[in-house]
Protein chains: 6
Amino acid sequence: MSKKIVSFGEIMLRLNPPGYLRIQQTDSFMASYAGGEANVAVSLANYGESAAFVTMVPANDIGQSAINSLRHWGVDVSFIVKGGERLGVYFVEKGASQRASKVIYDRKHSSVAESSFNDFDWNAIFNDADWFHFTGITPALSDNMADLCLEVCKMAKKKGITVSCDLNYRKNLWSREKAKGVMSAIMPFVDVVIGNEEDAYDVFGFKAGDTNVIDGKLNRDGYRDVAHMITDSFGCSKVAFTLRESISANDNNWAGMLFDGNDCYFSKKYPIHIVDRVGGGDSFSGALIYALHNNFPSDQAIEFAVAASCLKHTIEYDFNHVTLDEVRNLMGGDGSGRVQR
Amino acid sequence: MSKKIVSFGEIMLRLNPPGYLRIQQTDSFMASYAGGEANVAVSLANYGESAAFVTMVPANDIGQSAINSLRHWGVDVSFIVKGGERLGVYFVEKGASQRASKVIYDRKHSSVAESSFNDFDWNAIFNDADWFHFTGITPALSDNMADLCLEVCKMAKKKGITVSCDLNYRKNLWSREKAKGVMSAIMPFVDVVIGNEEDAYDVFGFKAGDTNVIDGKLNRDGYRDVAHMITDSFGCSKVAFTLRESISANDNNWAGMLFDGNDCYFSKKYPIHIVDRVGGGDSFSGALIYALHNNFPSDQAIEFAVAASCLKHTIEYDFNHVTLDEVRNLMGGDGSGRVQR
Amino acid sequence: MSKKIVSFGEIMLRLNPPGYLRIQQTDSFMASYAGGEANVAVSLANYGESAAFVTMVPANDIGQSAINSLRHWGVDVSFIVKGGERLGVYFVEKGASQRASKVIYDRKHSSVAESSFNDFDWNAIFNDADWFHFTGITPALSDNMADLCLEVCKMAKKKGITVSCDLNYRKNLWSREKAKGVMSAIMPFVDVVIGNEEDAYDVFGFKAGDTNVIDGKLNRDGYRDVAHMITDSFGCSKVAFTLRESISANDNNWAGMLFDGNDCYFSKKYPIHIVDRVGGGDSFSGALIYALHNNFPSDQAIEFAVAASCLKHTIEYDFNHVTLDEVRNLMGGDGSGRVQR
Amino acid sequence: MSKKIVSFGEIMLRLNPPGYLRIQQTDSFMASYAGGEANVAVSLANYGESAAFVTMVPANDIGQSAINSLRHWGVDVSFIVKGGERLGVYFVEKGASQRASKVIYDRKHSSVAESSFNDFDWNAIFNDADWFHFTGITPALSDNMADLCLEVCKMAKKKGITVSCDLNYRKNLWSREKAKGVMSAIMPFVDVVIGNEEDAYDVFGFKAGDTNVIDGKLNRDGYRDVAHMITDSFGCSKVAFTLRESISANDNNWAGMLFDGNDCYFSKKYPIHIVDRVGGGDSFSGALIYALHNNFPSDQAIEFAVAASCLKHTIEYDFNHVTLDEVRNLMGGDGSGRVQR
Amino acid sequence: MSKKIVSFGEIMLRLNPPGYLRIQQTDSFMASYAGGEANVAVSLANYGESAAFVTMVPANDIGQSAINSLRHWGVDVSFIVKGGERLGVYFVEKGASQRASKVIYDRKHSSVAESSFNDFDWNAIFNDADWFHFTGITPALSDNMADLCLEVCKMAKKKGITVSCDLNYRKNLWSREKAKGVMSAIMPFVDVVIGNEEDAYDVFGFKAGDTNVIDGKLNRDGYRDVAHMITDSFGCSKVAFTLRESISANDNNWAGMLFDGNDCYFSKKYPIHIVDRVGGGDSFSGALIYALHNNFPSDQAIEFAVAASCLKHTIEYDFNHVTLDEVRNLMGGDGSGRVQR
Amino acid sequence: MSKKIVSFGEIMLRLNPPGYLRIQQTDSFMASYAGGEANVAVSLANYGESAAFVTMVPANDIGQSAINSLRHWGVDVSFIVKGGERLGVYFVEKGASQRASKVIYDRKHSSVAESSFNDFDWNAIFNDADWFHFTGITPALSDNMADLCLEVCKMAKKKGITVSCDLNYRKNLWSREKAKGVMSAIMPFVDVVIGNEEDAYDVFGFKAGDTNVIDGKLNRDGYRDVAHMITDSFGCSKVAFTLRESISANDNNWAGMLFDGNDCYFSKKYPIHIVDRVGGGDSFSGALIYALHNNFPSDQAIEFAVAASCLKHTIEYDFNHVTLDEVRNLMGGDGSGRVQR
């Protein structure tokens, strides 16, 4: 059995109206539990990895439900600590056509945001582990979390554990200035950097030439430059980007790039008719980590990550539930969606 | 605070099966309350206008529910009268691909159709008002309603209140001959005429050249001619058209034109992936009235009305619930539907 | 009144998660009852034919519910026999974009699979009938069923009843070798052969040139050849094919071909935005049988069958519920999906 | 096979909020189709009788759905005529504890209320029939219906067909005076009269002593007197009453009485925890007619009718779906509700 | 028109699983908006009073939905202020039999809890008002709120506005000591004090003899003493208590007492089969305020309040939606729950 | 940490209509996964025990969903084997009042029924275990299962593992004769025997005097005798019975008895208003095993088991989800169901 992959971050109660109803129209919410790093842990468990997710949740039914939802999909929850006052909540409204999807966060004062390094038994957590993953959301939650992330990354590095970080810049959590400061301190302990088409600019000011995210045109060459800027600046060994072209809230094109320190590998581009795109980036991270953890060649790794996350866009809620066979089938060229009997 | 906008007409119980089920397949109906002029009132209240809707509903839970649903969205319901025997009902079946959406009306004998001018306190209603809106559906409901509409329009005109009318021809309510007679008498008191690609021909016999509504091709030049025919014949000051190209029940193109007495302004054309198109025309009227009431220049007025009603096609049920910011964002060119966090 | 059309086969409990949920995600299933030949019977009753469906169901609430669901849509259920131990079940998961729809069968040991020729009163069943329909699924269910199908087809032939068969090869029910043996023995008693783009090859090894079903490209010329191979080999009088191009799980192109012994008639091709494609082929069979039973000219027959089955793709669940008017309207060229009021 | 039982009356669309929601609270309605005589027809088909229901429904999807729902449960719908303008609608709000259930009717101008005797082919309808059933609701719908009921009862009498009538007085349909006049003219052609604890007084002014329906106390002796008054006045051969004691909207006691011209038979009394009590009286009529049609002795007939209708109170919607075995089991004394595996 | 009744407090998003599901079992929540004082405002608007509710909600869709839900039921929302960071959330799990209902609060840091006196325009709010209502929950939310309540009560007193307070002790919001201190300072400005069977003890240490709330036995005499203690200590003019006997989570007995300064009036006691008991106490306050505002004699006032709140227990969610006629009917003795047609 | 408790048996897909709908009425089923021994495993994990459930499920999404549902609640699923052809299905229809709940099984040919001893790694399974539980359903499934149960019990005995067995006689799985033969051979290896009021008679012919399960009267003295008969015949050390009095499908009384070899301990009797009683007996077993595993004194053990299983009757679906605190609170006398905030 391969070694354990640990991820740390916030898991929240996700509430979304059924179908395409707006939040103001609904009198019920579909309830699920999700978060950037939790989504990655579920992807990894789904592909058969030993995946542990670490967080703090309140000692009530909402906190326990979050734990149950991870357990349901095979994630190791034995390091989750109970305490603090609340589980963060976020509301998702599914967009359609020209109407954008909308996410409203109510995550302040969450148990994990107010926890700190010593609340967790990191030696036990890292026992038998060889990979640690987190996202840029976590250090943005609070100063406690910024400190914790730095400490944990240092500790992981010391133990020879590979560290991956999805930049995931969120403007309503912190300013670009704050983000740059905190993240620049952490980056030297990160091996694999993941981001979307805007993150590198938002966090570090690295710009991929003239890409305009509104009109959906991507400047692929620019991404090579950004990848180099990141590895040059922080010494990370690998950089991966998701490349999204937004045609409408229903239709996106989706691709990715992996820079492995030597070359840049661009994946095929998939036109996607979207079911639920929240968690799409996390499913890319989860699949990429799986691929790298299993030593896929770079070209296969990026194709695997993009195919897996392409399929995620057809899955309701944040977690990705697609099989290795389904991903491989799509990588192999069958995107026809013909009935499987 | 700007002055009150009054609309008068029928509000009905709308029943539709969930999702794409046909009426014969369903064992439940989603219930909402809507009607041409009520939809406009909700749009106006939504944009912050003081909007009063006037009608008669039966003195039972169904009538009260219709009132509550308007109150919910901020419409002034203080002039709604209770009486008569029933609230009209209509059944909506959502189409898909080549299968058309279907509307079955059961609206005869409704409270409002059997009410008359003296059932309402028009002086109180028009106090502080500067705009009156109705649609061609209302005079089609009954002779009572035809008389009432004429009287109310005359009274509004006398009080210096702007009158707008969405022609909204419904072949199952009256013949073209009847419509032409009644509407021709009312038109001289109407300032702003609104219609879709077929109304002007159905009601007045004005034809926009060789447009074929089935194959979705529009003859834009022809619409200029029709606008002129209307202003020339009846002395209306403004004419606006919605321009719909039906590709399938899921996909339509959507644009509009405003003739302000001097020039014709055509809006951008939006390709729409439809969630619910019933009430689309009313959302155009509501947004256009808002724009004109707030003295938008003609080119901005038509762009606002088309962008707002484009977005309506992504909203379930008849009422439009989009924010001024969302409309302005789309007018400004962002139809990418990217997640708003 | 025209004569009765009889179909025989399995009806199962179909369970599918709501919307696009995967089976592993759902905590409820939508329940309906369906099966290849039952679907055809419902189509025929829907168009006004006298349609009897024959099967065996267990003597419990699940078996009775299957009967009720057929009765609901006007199918004659008076020849259905109660007995055996279970009703087959199948689970349907709706695909989207690159994620394929998935069908899981749990149909072994069903009442009908374990029934045999003498369980049914074939003389009564065929009284007043002039058409018998079955699919290649039925003889694949069990040796009993293979025997029964052969006996029934012989008997039908003797009585001058037209026999139609939809090849419907299912690889998880039998091997190609077994299928070829059984079906080749039955074919001489079949008048009308129906199949999709793969069936003729899977069952008989007849290949339509270089058609590649994965990339959705069809070789129409090849189908002529296959039709000739079938009529030449077995003496069938007519052969019809559905021609599906799979763009994604949401979007397919759909057309058909009818070879009437003299000429091949290809229908228009429809781009379809799919609601539920399971049962699509059966709706083609049902409509084709209706057209042939009512002596439509060959070109009209194939256009009718393809238009009807195009519309089926917009209907939830297996059964097709579209009116003759809706089919004729689409055949006549109106696929614009404009609201019908 | 025993002879056909015909019932005639109105079938409506029943709309009720889910669970205990009030009408003003709901945004969806459960949809079913029901009516006094239709409910009886479904009960009879359910017990294996040949049961035909006759009515007029509009030629649209709502009318067809009403037909389908009868067909679903095995009722012969071949004499239902299509025409007129609408299907009546009624709204049911389920009460609880001290809050009463509430029914709002929107049934005026229905197709059947505006139909008349000659719209139906009575000779065909009565072919092979030996029983005709209707309720006091039907002649209350319109003068047309009052005339039709009288004519049909006369015709049935002439053909030697047994006629049963459930008095079913509805104060919002007609006054006591009108009811008395119309019903007194029809009664001489009725063999079996059915009523609840108030009907005989409301329609004919026959009073069962000092029964007070509000406090749920019943004066059983008084019912004997009322039964005699009815048979003495109109020459009916049998009179049956349902005896309901209302403890709350959730809990009722339920019993019945049958006067067979010689003796009065009172059934056991059942305490019922209610699921849905609408249609309870109709299920009594249906079961009583079944019992009499099958020549049950009077004591068994009333026990059968009361046990069957007791069970109906545990079934959602108007129709009764309980098996002969379930009724017999309850008659035999097992009301323990132990799980049946 | 009578004068305006103002209430102030917190409105929250209420989330409850459907039916009897536990929180850990559900994957959806029913969403409504409620709070002690908001519930009272809805009751008052429901009875036709002019009722204004004052609070602060965040400027997002959740805050707006709370406003809409009040507007829906006719509450004046024009004094609600937008600001702060979040709307409180509470989770309700419906109990059954011996399993208690459960409420989990996530209300810290809510917009209103962090607002203060100067955020509201009290002179405008109290214009035309003659009654002010709040509950003991509000000063428990934060020191800000404790200060605000004291200031507002003083101001109301000065303006001659009647002040009512429902003690509503919540042990998870503050200690008994803190509550006693804060509430004792406010009480001198309160005219009408309302409480349940435990509040007076929890807040002030006033004890009604040997009542044991667990076994559901009430010592009615003791309540007289407590009422006197309250009026004697603080100079309040009226004291009212709800008297609940808990038999199980499904079945409670319910009564009330009003001390009007002279005499104690005990209401009838109602056995209730519960649909939703959350908000039961608030519906008592709302009805009592209505009765006192309309000068009902004391015996009628307490009967009205108890009957209205008895009926509330049959209504889903916190708000009470029963008509004056329904309350009067129950006061008049009809609790039989017979169908109202 | 205490040692592991192992249970072995079948887990099935449970399908039940929503609410009180009958199977023939529903068009959807709620889906859960359950089975006698699986239910016990979930109870044990719920109380904090290390609980492993062993079975075979098919290698498809239905089998995986069964595993996920156990994992969700903390059960160790690492010994579940994939193979065989199907997961058993059972349909549950919830009864009400006099209408009994109904269970229809479709479980033949399930993966586990066709598995055998060598399909499982019993040495690994029993590593670190000190308790093994199974029910009389499992050996009834097939001869394979009867053999397996005997072998496993022998092996457990040899390893010094305590063995418990819930007799759970199911007449549709085997005859009393077959049951007696198989179970009599296994009993000598069983330490703790559990049964309901009928099992001992059905399986072994041991009769508790004149108890009549239909009228709900229990002869408690008789149960002492039966307990002695069991221990005398087979050498078991403890015997426990659930004692159910069925008043109706909604209302049952519930108690239990434990004979610990020395004395008989009868628990309190609880009147229960039922939410879902399927799995009630299993929740008794689960709680009793927990109590015995934790060395509760006999009187506390039976009170714990009865209180826990009383509460189960208020939980939807088979699994019991109540906390240790909730059980202790009820044992302590608080069955008032008062809201817990």
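Residues numbered from 1 in each chain as written. Chains lettered and ligands numbered in written order. Predicted model: local features only at pLDDT ≥ 70, side-chain atom pairs only at ≥ 80, totals over all residues. Heavy atoms only, no water.

Draft legend 1. Looking closely at the pattern of salt bridges. Considering all chains together, one arrives at 110 salt bridges over all chains under this definition. A salt bridge links D325 of chain A to R328 of chain A, with the shortest nitrogen-to-oxygen separation between them at 3.5 Å. You can see D325 of chain A and its partner R328 of chain A sitting in helix α11 (residues 324-331), three residues apart, about one turn around the helix. Among the residues examined, D325 of chain A registers a relative accessible area of 57% and is labelled exposed. The partner of R224 of chain B in a salt bridge is D221 of chain B, with the nearest N and O atoms 3.8 Å apart. Residue R224 of chain B and its partner D221 of chain B are located together in helix α8 (residues 220-234), separated by three residues, close to a single helical turn. Take R224 of chain B: its relative accessible area is 34%, and that puts it in the partly exposed class. Sharing partners across several salt bridges, the network here consists of R22, E93 and R99 of chain A together with E326 of chain B. (Salt bridge = Lys/Arg side-chain N within 4 Å of Asp/Glu carboxyl O. Helix = DSSP H or I, 4+ residues; strand = E, 2+ residues; numbered from the N terminus. Buried < 20%, exposed > 50% of the residue type's maximum accessible area, 1.4 Å probe, protein only.)

Draft legend 2. Structural view of the packing of aromatic side chains. A full pass over the atoms with the stated rule returns 107 aromatic pairs over all chains. Ring geometry for F8 of chain A against F120 of chain A: centres 5.3 Å apart, planes inclined by 85°, an arrangement best described as edge-to-face. Taken together, the residues F8 of chain A in strand β1 (residues 4-8) and F120 of chain A in the loop between β8 (102-106) and α3 (122-126) connect sequence positions 112 residues apart. Accessibility assignment for this pair places F8 of chain A and F120 of chain A in one class, buried. By way of ring pairs, the aromatic residues F8, F117, F120, W122, F126, F132 and F134 of chain A are connected into one cluster. Geometry around Y20 of chain C places K94 of chain C over its ring, the cationic atom sitting 6.0 Å from the centre. One cation-aromatic arrangement involves K207 of chain F over Y201 of chain F; the distance from NZ or CZ to the ring centre is 5.3 Å. (Phe/Tyr/Trp six-rings, centres within 6.5 Å; stacked < 30°, edge-to-face > 60°. Lys NZ or Arg CZ within 6 Å of the ring centre and 35° of its normal.)

Draft legend 3. Focus on the sheet that holds strand β3 (residues 28-34) of chain C. The eight strands lie next to each other as β8(C)-β7(C)-β2(C)-β3(C)-β3(F)-β2(F)-β7(F)-β8(F), forming an open sheet whose pairing is mixed. Unpaired on one side and paired on the other, β8 (102-106) of chain C together with β8 (102-106) of chain F mark the two borders of the sheet. Averaged over all pairs of adjacent strands, the angle between their axes in this sheet comes to 30°, without regard to strand direction. (Pairing = 2+ DSSP bridges. Axes fitted to C-alpha atoms, helices over the stretch in contact; angles between N-to-C directions.)

Draft legend 4. Structural view of the relation of the copies chain B and chain A. Of the transformation placing chain B onto chain A, the axial shift is 0.0 Å and the rotation is 120°, giving an RMSD of 0.0 Å. Put plainly, the chains are arranged around a three-fold axis. Taking the C-alpha atom as reference, chain B places G19 of chain B closest to the rotation axis, 5.1 Å from it. A distinct binding surface is used by each copy, with only 4% of the interface residues of chain B retained as interface residues in chain A. (Least-squares fit on C-alpha atoms with pLDDT ≥ 70 in both. Contact = heavy atoms within 4.5 Å.)

Draft legend 5. The sheet that holds β8 of chain A, seen in detail. Taken together, the eight strands give an open sheet; going across it, the order is β8(A)-β7(A)-β2(A)-β3(A)-β3(E)-β2(E)-β7(E)-β8(E), and neighbouring strands pair in mixed fashion. Each edge of the sheet is formed by a strand with only one pairing partner; in this case those strands are β8 of chain A together with β8 (102-106) of chain E. Each strand of the sheet is rotated relative to its neighbour by a mean of 30°, with strand direction disregarded.

Draft legend 6. Geometry of the interface of chain B and chain A. Of the residues lining the interface, 26 residues belong to chain B; the matching set on chain A comes to 28 residues. Around 2,400 Å² of area is buried between chain B and chain A when both sides are counted, 52% of it from carbon and sulfur atoms. It is R338, V339 and R341 of chain B that lose the most area in chain B upon contact with chain A, and together they represent 33% of the buried surface on that side. Run the count over chain B and chain A and you get two salt bridges. Residues R22 of chain A and E326 of chain B are paired through a salt bridge, measuring 2.6 Å at the closest nitrogen-oxygen approach. At the boundary of chain B and chain A, one finds 10 residue pairs in polar contact (both at pLDDT 80 or more). (Buried area = accessible area lost by both parts, 1.4 Å probe. Polar contact = N/O pair within 3.5 Å; in protein donor to acceptor, adjacent residues only side chain to side chain.)

Draft legend 7. Geometry of the state of the cysteines. Counted according to the given criterion, the structure contains zero disulfides over all chains. Among the cysteines around C165 of chain A, which has no disulfide bond, C153 of chain A carries the closest sulfur, lying 7.1 Å off. On the accessibility criterion, C165 of chain A (0% relative accessible area) is buried. C236 of chain E carries a free sulfur, and the closest cysteine sulfur to it, the one in C165 of chain E, is 8.7 Å from it. (Disulfide = S-S within 2.5 Å.)

Draft legend 8. Spatial organisation of the environment of I137 of chain F. Residues and elements named next belong to chain F. When you line up the elements, I137 lands in helix α4 (residues 137-141). Exposure remark for I137: the relative accessible area of 7% places this residue in the buried category. For the pair I137 and D260, spaced 123 residues apart in the sequence, the C-alpha separation amounts to 24 Å.

Draft legend 9. Structural view of the pairing of strand β11 (residues 192-195) of chain E. Residue and element names in this part refer to chain E. Side chains of β11 alternate between two faces, with V192 and I194 and V193 and G195 buried alike. Across three bridges, the pairing between strand β10 (residues 162-166) and β11 is parallel. Across the sheet, C165 pairs through a bridge with V193, a residue of β11. What joins β10 to β11 is helix α6 (residues 176-186), and the crossover it makes is right-handed. (Right-handed = clockwise from strand over helix to strand, strands pointing away.)

Draft legend 10. Seen up close, the packing of helix α10 (residues 298-312) of chain C against helix α11 (residues 324-331) of chain C. Residues and elements named next belong to chain C. One way to put it is that α10 packs onto α11 with a least axis distance of 9 Å and a crossing angle of 110°. Taken together, the axes of α10 and α11 are roughly perpendicular relative to one another. Here α10 and α11 pass one another in a crossing that is right-handed. Contacts between α10 and α11 involve Q300, E303, F304, A307, A308, C310 and L311 from the first element and L324, E326, V327, L330 and M331 from the second. (Parallel < 35°, antiparallel > 145°, perpendicular 65-115°, else oblique. Left-handed = near helix turned anticlockwise from the far one by under 90°.)

Functional significance is not addressed by these values, which are geometric in nature.
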